[in-house]
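So the chains spell out like this:
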Amino acid sequence: REERRRIAAVFVLFVFAALFWGAYEQAGSTLNLFADRYTDLNVLGYQIPSSWLQAVQPIFVITLAPVLAWLWVKLGPREPSIPAKFAIGLVSAALAFALLVPAAHIAQDGLGLRVSPLWLIAAYAIEEVGELCLSPVGLSAVTKLAPQRIVGLMMGVFFLSNWLGNLLAGWTAGFFTSLPLTTLFGTVATVCVAAAAIMAVLVKPVRGLMGGVK
């Protein structure tokens, strides 16, 4: 019974991880299109390729990972639980897309001007805080929660959350030309806020399913 409860906790985390990846993985589709069509990429007289902005997220992963690792150690017993970190990750995704709503308004609905790449860089930075609260934490949680005899299987199942998130991201990117970008980005932000709120409500029940695993 205890094993089944822990596996149930993994599947709850799976659902919310998939929703997070659905927002995060738009970096290679929706946000890259935004960079290409609506962002001023002229740097000191040189027009940089929009694809270069894809390097921003890995750079933030490398720079922010030790910061968050230090923070969790520093917090000690006050460190947020695994489901609470998932909620933080979803809030971060929501904030990133909410930040891009005014940028989309300036570029598409306002003066039709190309916006500074700093909008995207700031959004990516916020998203990376979310990824670092969710991705390594989720993978670690699966190794602790899954019964030892099926750890490999459960890790594979959890990685399917990334596949499902990419599927959601690709589907969402299909609305890039048919919806106003303020609506598109605002909807993604709203979905992430709603998911974060539900995850926050489920923090205590999920911790109960985890059976003391931290």
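Now for the overall build of the chain. For the chain, the count of helices and strands is 8 helices and 2 strands. When the helices and strands of the chain are listed from N to C terminus, the series reads α-α-β-β-α-α-α-α-α-α. Relative to its length of 214 residues, the chain is compact, with a C-alpha radius of gyration of 18 Å against a globular reference of 17 Å. Considering only C-alpha atoms, the chain reaches an extent of 60 × 35 × 30 Å along its principal axes. Taken across its 214 residues, the chain has 43% of its residues classed as buried. Look at the contacts in the chain between residues 6 or more apart in sequence, and 82% of them connect residues 24 or more apart. Positive and negative side-chain charges in the chain, numbering 14 and 10 respectively, have mean positions lying 17 Å apart.

If you look at the biggest cluster of nonpolar residues, it comprises 57 residues, and the most contacted ones within it are F34, F86, L120, L145, F158, L181 and F185. For this core, the secondary structure elements donating two or more residues are α1 (2-24), α2 (30-38), α4 (82-109), α5 (118-145), α6 (151-173), α7 (181-201) and α8 (203-210). Per element, the largest residue contribution to this core is 12 residues, and it comes from α4. With residues near it in sequence (within four places) discarded, L120 still touches L31, F34, A35, T39, L53 and L100.

What follows deals with the packing of aromatic side chains. Any two aromatic rings considered together are summarised by their centre-to-centre distance and by the angle between their planes. For the coordinates displayed, the defined rule picks out 10 aromatic pairs. Centroid distance F97 to F185: 5.8 Å. Interplanar angle 65°. Geometry classified as edge-to-face. Taken as a pair, F97 in helix α4 and F185 in helix α7 lie far apart in primary sequence, 88 residues in all. Arranged with centres 5.0 Å apart and planes meeting at 85°, the rings of W171 and F175 form a pair that is edge-to-face. Clustering of aromatic rings is evident, with ring pairs tying together F34, Y38, F97, F176 and F185. Its guanidinium or amino end placed over the ring of W72, K85 lies 4.2 Å from that ring's centre, counting from NZ or CZ.

Okay, the side chain of S92 next. Tracing the chain through its elements places S92 in helix α4. Setting aside residues no more than four positions away along its own chain, S92 makes contact with I126, V129 and G130.

With that settled, consider the side chain of N32. Locating N32 in the fold gives a position in helix α2. Accessibility expressed as a relative area gives 18% for N32, which makes it buried. In this view, N32 contacts Q26, A27, S50, S51 and Q54; residues no more than four positions away in its chain are not counted.

Of note, Y124 is situated in helix α5. A residue is classified by how much of its surface remains accessible, and Y124, at 0% relative accessible area, is buried. It is 8.2 Å that separates the C-alpha atoms of Y124 and A27, two residues lying 97 residues apart in sequence. Excluding its chain neighbours within four sequence positions, the residues that come into contact with Y124 are A27, L31, L53, Q54, V56, Q57 and F60.

Attention now moves to helix α3 (residues 56-75). In this model α3 runs 28 Å from its N-terminal to its C-terminal C-alpha over 20 residues, within 8% of the 28 Å that 1.5 Å per residue would give. The largest bend along α3 reaches roughly 35° and is located at L64, with the proline P66 sitting one to four residues downstream. Listed in full, the buried residues belonging to α3 are V56, Q57, L64, L68 and W72. Each element contacted by the buried residues of α3 is listed here: α1, α4 and α5. Of the residues one or two after α3, G76 is the one with positive phi, at around 60°.

With that settled, consider the packing of α1 against α4. Running from N to C, α1 and α4 cross one another at 20°; their axes reach a closest spacing of 10 Å. Taken as axis vectors, α1 and α4 run roughly parallel relative to one another. Pair α1 / α4 crosses with left-handed handedness. Of the residues in α4, those in contact with L13, F16, A17, L19, F20 and A23 of α1 are I82, P83, F86, G89, L90, A93 and F97. Counted by class, the contact of α1 with α4 contains 12 nonpolar, 1 polar and no charged residues.

The rules behind the values
- Residues numbered from 1 in each chain as written.
- Predicted model: local features only at pLDDT ≥ 70, side-chain atom pairs only at ≥ 80, totals over all residues.
- Heavy atoms only, no water.
- Helix = DSSP H or I, 4+ residues; strand = E, 2+ residues; numbered from the N terminus.
- Rg over C-alpha atoms; globule rule 2.2 N^0.38 Å.
- Buried < 20%, exposed > 50% of the residue type's maximum accessible area, 1.4 Å probe, protein only.
- Contact = heavy atoms within 4.5 Å.
- Lys, Arg positive; Asp, Glu negative; His and termini not counted.
- Charge placed at Lys NZ, Arg CZ, Asp CG, Glu CD.
- Core = buried A, V, L, I, M, F, W, Y, C linked by side-chain atoms within 4.5 Å.
- Phe/Tyr/Trp six-rings, centres within 6.5 Å; stacked < 30°, edge-to-face > 60°.
- Lys NZ or Arg CZ within 6 Å of the ring centre and 35° of its normal.
- Expected span 1.5 Å × (residues − 1).
- Bend = angle between axes of the 7 residues up to and from the residue.
- Axes fitted to C-alpha atoms, helices over the stretch in contact; angles between N-to-C directions.
- Parallel < 35°, antiparallel > 145°, perpendicular 65-115°, else oblique.
- Left-handed = near helix turned anticlockwise from the far one by under 90°.
- Nonpolar A, V, L, I, M, F, W, Y, C, P; charged D, E, K, R; others polar.

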